[in-house]
Structures are given as C-alpha cells and as structure tokens.
Amino acid sequence: DINFEQNIVLVSEQCGRRPRFTMGNKANMILLWAMLVSVAAMATRHRPFQRTKGINGLEKIIVRDPRGRSFEVYLYGGQVTSWKNEKGEDLLFMSTKYANTGPLTSHGFVRQRFWKIDANPPPLSSHPSSTAHIDLILKSSEADLKIWPHKFVYRLRVALGHGGDLTLTSRIRNSDAKPFNFTFGLHPYFSVSDISEIQVEGLQILDYLDQLKNRTRFTDHGKFITFNSQLARLYLRTPNKIRIVDHKKKKTIVVRKEGQADAVVWNSWDKKVVDLGVEDYRRFVAVEPVAVEKPIILKPGQEWKAIFQVSVVPSGCSRKSCIPHT
C-alpha cells in the first residue's frame, strides 16, 4: 500500500510539468506503469473473499485459496454451508434439523442473528496455519439480553489449511459484570456416499445419552458405529479425534476438536424430517462437537476457545502416509 501511494504521488507531480521525452524518462514511466499494473494485479489476486447473495437473498461470503478450494459462510447465523475441494466436490451436506437441549430455541439463538465481518480481530494464538480465512463477530444485542441476560462477544474464524482442511475457531468472551455459563455445539453434516456404507470410529467403550429413549444413559461396547436405523446419541467425554470411514468412496473424514468434551452422532434414517427429502438421509451423517454435559463457566473478562478441524484422507492409509484428499 505504501508503494502504491508513493507511485500515485510521482505521477501527479509529473502531470504538472512540461514533459521531457528523454529515453530515461520513458524508461522510468514504463517502469512506473509496470509497477502500478503489478500492484493492481496483486490486489486482485489476493482478494481475501467474495461477498454475494445466497439463499433467499441472504448475504454470504465465499473464500477461496490459491488451489481453488473454498468454503461459504452466511452472515445470517455465521453458518458454513459449503466446503469444497479443488475438484469442486462439496464435503458438507447442508441441513439444520437437530438439537433440543436447553431452554432456548433449537440450536441456540446465535444461528438466528446477523454476524459482521471482523476486520481487525485480536491475535489468535495456537491457531493452525491457513491459506485463506475470514473472521466474523457477534455481540449481544438488547434483544438478546431479553432472552439471555448476559453480555458476550463471540468471534469465529473460518479457515482453510494448507492441505485443504477446514478449521472453525470459536472464541466467546464474557463482557458482562457477572459470570455466566453456557453450553456449546457445532452441527456439521458431512456428505457421504451412503449412510449404510459408513462407520464412525473412536467412540467405543464410552457412555452416551440416547436421544430416542428419553436420554437414557448407555455404554457403547461396539468397535465402531454403523447405521441401519435412526440414531441420535450424545457421547460423553469423547476423545479429540473421531473418524468417519466411507467404504464406498474409500475416504475417511477426520474430525479433530479442542474445548468440546462431548459429541453428537445423528442420522434421521427414514423418519420424516421437514427440511430433508425422502432419500436425503442416505447422503449425510452428523458428527457434532459439543460441550453439553458440563456447561462452560466464564467469569467477567474471561474468554473461552474451541477448535473444530476436519480433513479428508484416503481410507486405510497409515498414520505417516495419510495425506488430505484434494
């Protein structure tokens, strides 16, 4: 930016003088023009995101990295609705029908608020390196305080990693004069070849609450989770890595999380759901990082952070040889 401004000043000064057509001046002007073209091209090439209209005319942001991978996020709800690899394949399945825990509206109220782009976010330590990202911010409004009487600031960074992985970093700060507690959940729905062809690994020998049986507590003794009917479980105190193995596509979706002790696994199967087509249940699985069993407690001025990262690797590869799908 400094060089660009200086170049504009040089051109303005020369416009007020009688031109001297010497070889040196011509060379300088050609060099100056080349520098201006280069700066303009660089600004275009590194444009961080594109603002456009999406469903129902709602504003959404499209972020792309140099290899053509991308994600889309709506300012309404701060919801990521697409995550594509460089082949243009969408790795997410978009739906919103789930969650009935807590006294507030289903999924919480921040998904029904208009977020803003955070042009000057505070530094974010220990964040995975990224090739492209955007920062959003949501501050509690007077309307929010009527349904949840606590002031807060919620910052969300959505980023693409060098291997094409998607990372969401959530930061919630207590900007009130008194402490408050809350539960938290992200609701990613992953695109799969067929729900009957996948298995979820990493949750064996764990307790879970069965949402289909009045939240009765059970222990999962299976080696992995498979699907042949409706399933809705809240697993407690889960590991930080969960794997979704898609046998038909020969790929594995690796979910990593920090700050969210629990996880929801859900598929509606053939139960009628308002915002799903009759056969849509076959094309997704929801594996959701949440913090539910033990609510987060924040004192005034404190900030809580959670990281959710997802990548896609070939199924059956060893730990060292696993590289993200592109």
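Residues numbered from 1 in each chain as written. Predicted model: local features only at pLDDT ≥ 70, side-chain atom pairs only at ≥ 80, totals over all residues. Heavy atoms only, no water.

Caption draft 1: Quick peek at the confidence of the model for the protein chain. Per-residue confidence for the protein chain gives a mean pLDDT of 82, with 76% of residues at or over 70. Contacts from residues 1–24, a stretch scored under 50 in pLDDT, to residues over four places away or in other chains number nine contacts. In this model residues 38–46 is a low-confidence stretch, pLDDT under 50, and it forms one contact with partners more than four residues away in sequence or in other chains. (pLDDT = per-residue confidence, 0-100. Contact = heavy atoms within 4.5 Å.)

Caption draft 2: Summary view of the side chain of arginine 113. Tracing the backbone shows arginine 113 in the loop between strand E4 (79–84) and strand E5 (116–117). Here aspartate 144 takes part through its side chain, which lies 2.5 Å from a polar atom of the side chain of arginine 113. Those residues within four positions of arginine 113 in sequence are excluded, and the remaining contacts are Leu75, Tyr76, Gly77, Leu138, Asp144 and Ile147. (Helix = DSSP H or I, 4+ residues; strand = E, 2+ residues; numbered from the N terminus. Polar contact = N/O pair within 3.5 Å; in protein donor to acceptor, adjacent residues only side chain to side chain.)

Caption draft 3: Expanded view of the nonpolar core. Ranked by internal contacts, the top residues of the largest apolar core, which has 70 residues, are Phe182, Phe184, Phe190, Phe227, Ile244 and Val285. The leading source of residues in this core is strand E18 (residues 284–298), at nine residues. (Core = buried A, V, L, I, M, F, W, Y, C linked by side-chain atoms within 4.5 Å. Buried < 20%, exposed > 50% of the residue type's maximum accessible area, 1.4 Å probe, protein only.)

Caption draft 4: Spatial organisation of the sheet that holds strand E16 (residues 251–258). Taken together, eight strands build an open sheet; the order of strands is E5-E6-E7-E8-E19-E16-E15-E11 and the sheet is antiparallel. Of all strands in the sheet, those with a lone pairing partner are E5 and strand E11 (198–201), marking the two edges. Inspection of the sheet shows E11 paired to strand E15 (residues 241–246) by four bridges, in the antiparallel sense. Along E15, the bridge assignment pairs valine 200 with isoleucine 244. (Pairing = 2+ DSSP bridges.)

Caption draft 5: Highlighting the pairing of E18. Counting buried residues along E18, eleven of its 15 residues qualify, which places the element largely inside the surrounding structure. As paired elements, strand E9 (residues 180–185) and E18 share five bridges and run antiparallel to each other. The residue of E18 that forms the bridge with glycine 185 is valine 290. Judged from the three bridges that link them, strand E10 (residues 189–191) and E18 form a sheet pairing that is antiparallel. Within E18, the position partnered with phenylalanine 190 by the bridge is valine 285. In terms of strand pairing, strand E17 (residues 262–267) meets E18 through five bridges, oriented antiparallel. Bridge pairing links alanine 263 to proline 289 in E18.

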